[in-house]
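Each chain, written out:
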Amino acid sequence: MDKNFVVIATSLCCVVALSAIGTSAIAKIDPSAKPVKAAKLEAEFATKEKKFYAMPNQTKEEQDAVVSEGRRLKQLDIEKEKLRRETDPDDEAHFLNDLTSSIHFMAATGVVELKERAGREQNPEFLEQASNRVLSAGPLLQKSGFYGPST
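Residues numbered from 1 in each chain as written. Predicted model: local features only at pLDDT ≥ 70, side-chain atom pairs only at ≥ 80, totals over all residues. Heavy atoms only, no water.

A.B. asks: How should I be thinking about the overall build of the protein in this particular structure?
C.D. replies: Scanning the protein for helices and strands turns up six helices and zero strands. In sequence order, the protein lays out its α and β elements as α-α-α-α-α-α. Evaluated residue by residue, the protein yields a buried proportion of 16% over its 151 residues. Of all intrachain contacts in the protein linking residues separated by at least 6 positions in sequence, the fraction that spans at least 24 positions is 51%. Working note: accessible area of the protein is about 11,800 Å², and carbon and sulfur atoms make up 61% of it. (Helix = DSSP H or I, 4+ residues; strand = E, 2+ residues; numbered from the N terminus. Buried < 20%, exposed > 50% of the residue type's maximum accessible area, 1.4 Å probe, protein only. Contact = heavy atoms within 4.5 Å. Areas by Shrake-Rupley, 256 points an atom, 1.4 Å probe, with all protein chains shown as cover.)

A.B. asks: Is there a simple way to think about the side chain of K80 in this case?
C.D. replies: Tracing the sequence through the fold places K80 in helix α3 (residues 60-87). Exposure remark for K80: the relative accessible area of 9% places this residue in the buried category. Contact partners of K80, with chain neighbours within four places excluded, come to L41, E42 and F45.

A.B. asks: I'm lost on the packing of helix α2 (residues 33-54) against α3 in this one. Help?
C.D. replies: Geometrically, a packed helix pair is captured by the angle between its two axes and the distance between the axes. Remark: α2 packs on α3, axes separated minimally by 9 Å, with the N-to-C direction vectors making an angle of 155°. Considering the angle they form, α2 stands roughly antiparallel to α3. Viewed along their axes, α2 and α3 form a crossing whose handedness is left-handed. Residues K34, P35, K37, A38, L41, E42, E44, F45, K48, E49 and F52 of α2 form the contact with α3, whose own contacting residues are V66, E69, G70, L73, L76, D77, E79, K80, L83, E86 and T87. (Axes fitted to C-alpha atoms, helices over the stretch in contact; angles between N-to-C directions. Parallel < 35°, antiparallel > 145°, perpendicular 65-115°, else oblique. Left-handed = near helix turned anticlockwise from the far one by under 90°.)

A.B. asks: When you look at the pattern of salt bridges in this model, what are you seeing that I'm missing?
C.D. replies: In a structure, side chains of opposite charge can pair up when their charged atoms sit close to one another. One pass over the structure, following the stated rule, counts eight salt bridges. In this structure, the salt-bridge partner of E42 is K80, at a minimum N-O distance of 3.5 Å. With E42 in helix α2 and K80 in helix α3, this residue pair connects regions lying 38 residues apart in the sequence. Taking relative accessible area as the criterion, E42 reaches 40% and is therefore assigned partly exposed. For K80, the salt bridge is made with E81, and the minimal N-O distance between the two is 3.6 Å. (Salt bridge = Lys/Arg side-chain N within 4 Å of Asp/Glu carboxyl O.)

A.B. asks: How should I be thinking about the packing of aromatic side chains in this particular structure?
C.D. replies: The description of an aromatic ring pair rests on the distance of the ring centres and on the angle between the ring planes. By the definition in use, this model includes one aromatic pair. An angle of 65° between the planes, with centres 5.4 Å apart, marks the rings of F52 and Y53 as edge-to-face. It is K80 that lies over the ring of F45; its NZ or CZ is 4.6 Å from the centre. (Phe/Tyr/Trp six-rings, centres within 6.5 Å; stacked < 30°, edge-to-face > 60°. Lys NZ or Arg CZ within 6 Å of the ring centre and 35° of its normal.)

A.B. asks: Just checking my understanding: could you explain the side chain of E69 for this structure?
C.D. replies: Along the chain, E69 turns up in helix α3. Every residue in contact with E69, bar those within four places of it in the chain, is listed here: K48, F52 and M55.

A.B. asks: Mind showing me how you'd approach the nonpolar core here?
C.D. replies: Nonpolar side chains in soluble globular proteins tend to be buried together. Counting eight residues, the largest nonpolar core is built from A38, L41, F45, F52, V66, L73, L76 and L83. Look past the residues within four positions of F52 in its chain and what remains in contact with it is V66, E69, G70 and L73. Residues V111, L114, F126 and A130 belong to the second largest nonpolar core, which totals five residues. (Core = buried A, V, L, I, M, F, W, Y, C linked by side-chain atoms within 4.5 Å.)

A.B. asks: Got a minute to help me understand α2 in this structure?
C.D. replies: Each full turn of the α-helix corresponds to 3.6 residues, which orients residues three or four apart in the same direction. With 22 residues, α2 extends 32 Å between its outermost C-alpha atoms, agreeing within 8% with the 32 Å of an ideal straight helix rising 1.5 Å per residue. Along α2, the residues that are buried comprise A38, L41, F45 and F52. End-on, the buried residues of α2 take up no more than an arc of 60°, which puts them together on one face. Away from its buried face, by an angle of more than 90 degrees, α2 presents the exposed residues K40, K50, K51 and A54. In this structure, the buried residues of α2 make contact with α3. (Expected span 1.5 Å × (residues − 1). Arc of directions from axis to C-beta.)

Structure follows, in C-alpha cells:
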C-alpha cells in the first residue's frame, strides 16, 4: 500500500513538473505566443475598464464593489504592462515619441531663454539667435508656435 502511494505521488509530481516545464519551454520556443497573449490582455483590459467606468457608486456597497473592481483592474494592467515589456523590452513603440518630445522641449527652452534675454538686455542679437534656432529646429518648434522672434 505504501509503495503504491509513493509511486502514484512520484508520478503525479513528475507529470506536474513536466507540464510546467513544457509550458514555459513552448512559450520560449514560440515567440508569437506572447504578442497574442498581450493582445488578449489588452482587449480584456479595455472591456473591463469600460465596465469599471460605467459602474454606479452611490451606495456603500456599490462603492466597495467599485474599489474591488478597481484593484482587479490595476492588477490586470500590471500584468499587461509586464507582458508588454517582455515582448518589447526596448519599447520601440514609444521611444520615437519620447525622443521627439525631448528634443522639442530642449529646443523650445533655448528659444524662450534667448527671447527673455533679448528683452532683458535690449539686445536684438539674441532675437536673431532665437530666430536662427527656430529655423534650425524645423518643424518641431513650428508645431508649438515658436515661429520666430516676436517684434
